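A look at the structure
For reference, the chains in residue letters:
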Amino acid sequence: MAFESLANRLQNAFDKLRGRGKIDETVVNEAMREVRLALLEADVNFKVVKDFVARVKERAVGQEVMKSLTPGQMVIKIVNEELVALMGGNVAQLTMAHRPPTVIMMAGLQGAGKTTTTGKLAKYLQKQNKKPLLVAADIYRPAAIKQLQVLGEQLNVPVFSLGDQVSPVDIARQAIEHAKTNHLDVVILDTAGRLHIDEALMDELKQIREVAKPDEILLVVDSMTGQDAVNVAESFNSQLELTGVVLTKLDGDTRGGAALSVKAVTGKPIKFAAMGEKLDALEPFHPDRMASRILG
Ligand code: GDP
């Protein structure tokens with residue numbers, strides 16, 4: 001289950017606060033030592049943990065305990081609020097173009113779940129009465145085009161492909177024209193995924209960005225890879241200026257390190273979370289619900 005080990009670990013930390021009469025510094029320090037370890041074990045970025053613990057301590061020490069709460073509950077309340085803030089506070093909305101089509105560029109390393117997420121996003125938009133167009137702009141992995149076509153058939157969403165002999169930049173350009181002509185609302189570009197970040201990949205993505213002028217550049221990362229996912233997000237963001245991140249495989253992520261660090265490290269919000277292989281397993285990312293899960 002998502003965040004299970006982190007939730008258990010924090011539960012233990014807070015158990016130590018039970019029966020304490022007031023929040024003094026010793027109590028807070030003791031609890032926060034445990035919270036710190038729990039977060040580090042969950043693979044949360046070191047600096048993020050340090051700042052988080054400092055903020056909670058500052059708020060908790062000397063705090064008047066609300067009449068309805070025990071000191072333990074009071075600390076948990078503060079931790080909860082800070083976890084929500086850490087993950088971005090509010091739900092981050094998708095930016096839609098004033099004049100259609102909206103262009104969403106999907107990026108990510110191979111295996112992160114980019115193509116699957118592209119299909120899930122099309123389904124999500126369909127439910128909102130939008131007419132998406134899936135665009136096969138990953139020409140290097142022949143199976144990627146086929147995979148997108150299969151997804152399109154399942155969803156009854158058109159897929160734009162020019163095979164693997166036309167450059168992704170031209171594919172993007174023509175796809176947007178196609179969407180305009182056919183009154184399709186949202187163009188979702190499935191760009192190339194590679195095993196590693198390299199210059200060729202980034203150059204191609206920058207060229208596509210120039211031509212497609214996307215309203216959203218969403219990076220898909222595998223939450224199970226923890227800090228690696230955060231590092232990938234940081235590199236992509238520094239080169240491409242992402243508008244948001246999609247975290248996949250949260251269904252298998254017991255630790256939560258990526259979910260808790262991405263926003264703080266990159267400054268970019270997590271817009272969606274994928275929690276399974278099925279096409280409807282994509283939801284807008286709700287920081288408050290995630291925090292509730294983490295606190296059990
Ligand atoms: P790409 O190389 O980034 O395009 O990755 P794919 O979309 O082909 O996905 C790689 C694998 O991850 C596939 O087996 C997907 O079914 C799986 N996958 C994608 N998203 C999720 C998710 O949220 N949860 C789980 N459990 N598996 C996922």
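Okay, so let's go over this structure. The shown structure was predicted, so the numbers you read here are calculated from the model rather than taken from an experiment.

For the protein, the count of helices and strands is 11 helices and eight strands. Its C-alpha radius of gyration of 21 Å places the protein within 12% of the 19 Å reference for a compact globule of 296 residues. With the C-alpha coordinates aligned to their principal axes, the bounding extent of the protein is approximately 70 × 40 × 30 Å. Taken over 296 residues, the protein has a buried fraction of 51%.

Another aspect to go through is the sheet that holds strand β6 (residues 244–248). Ordered by their spatial adjacency, eight strands build an open sheet running β3-β2-β4-β1-β5-β6-β7-β8, and the pairing between neighbours is mixed. Each of the sheet's edge strands pairs with one partner strand only, and the pair in question is β3 (159–160) and β8 (282–284). By the bridge criterion, five bridges tie strand β1 (residues 102–108) to strand β5 (residues 216–222) in an arrangement that is parallel. Its bridge partner being in β5, G108 is matched across the sheet by V220.

With that out of the way, let us pick up the site of the ligand. Around the ligand lies a shell of 17 residues, among which G111, K114, T116, D251 and E277 are the nearest. Contact between the ligand and G111: an oxygen atom at 2.7 Å from a main-chain N or O atom of the residue. At 2.4 Å from an oxygen atom of the ligand is found a side-chain nitrogen or oxygen belonging to T116. In the complex, the protein chains occlude 78% of the 590 Å² of accessible area that the ligand would expose alone. At four residues, the largest contribution of residues to the shell around the ligand is made by helix α5 (residues 114–127). Taken together, the residues of the shell around the ligand break down into four nonpolar, seven polar and six charged.

This part takes up the pattern of salt bridges. Summed over the entire model, instances satisfying the criterion amount to 15 salt bridges. Among the ionic pairs, E34 bridges to R9, the shortest N-O distance being 3.8 Å. Taken together, the residues span a long stretch of sequence, with E34 in helix α2 (residues 25–41) and R9 in helix α1 (residues 4–15) at a distance of 25 residues. Of the two residues examined, E34 and R9, each falls in the buried class. When the shortest N-O distance is used, the salt bridge between R59 and E82 registers 3.0 Å. Of this pair, R59 sits in helix α3 (residues 46–60) while E82 sits in helix α4 (residues 71–86), placing them 23 residues apart in sequence. Owing to a relative accessible area of 9%, E82 belongs among the buried residues under this scheme. Salt bridges linked by common partners bring R55, R59, K77, E81 and E82 together as one network.

The rules behind the values
Residues numbered from 1 in each chain as written. Predicted model: local features only at pLDDT ≥ 70, side-chain atom pairs only at ≥ 80, totals over all residues. Heavy atoms only, no water. Helix = DSSP H or I, 4+ residues; strand = E, 2+ residues; numbered from the N terminus. Rg over C-alpha atoms; globule rule 2.2 N^0.38 Å. Buried < 20%, exposed > 50% of the residue type's maximum accessible area, 1.4 Å probe, protein only. Pairing = 2+ DSSP bridges. Near = heavy atom within 4 Å. Polar contact = N/O pair within 3.5 Å; in protein donor to acceptor, adjacent residues only side chain to side chain. Areas by Shrake-Rupley, 256 points an atom, 1.4 Å probe, with all protein chains shown as cover. Nonpolar A, V, L, I, M, F, W, Y, C, P; charged D, E, K, R; others polar. Salt bridge = Lys/Arg side-chain N within 4 Å of Asp/Glu carboxyl O.

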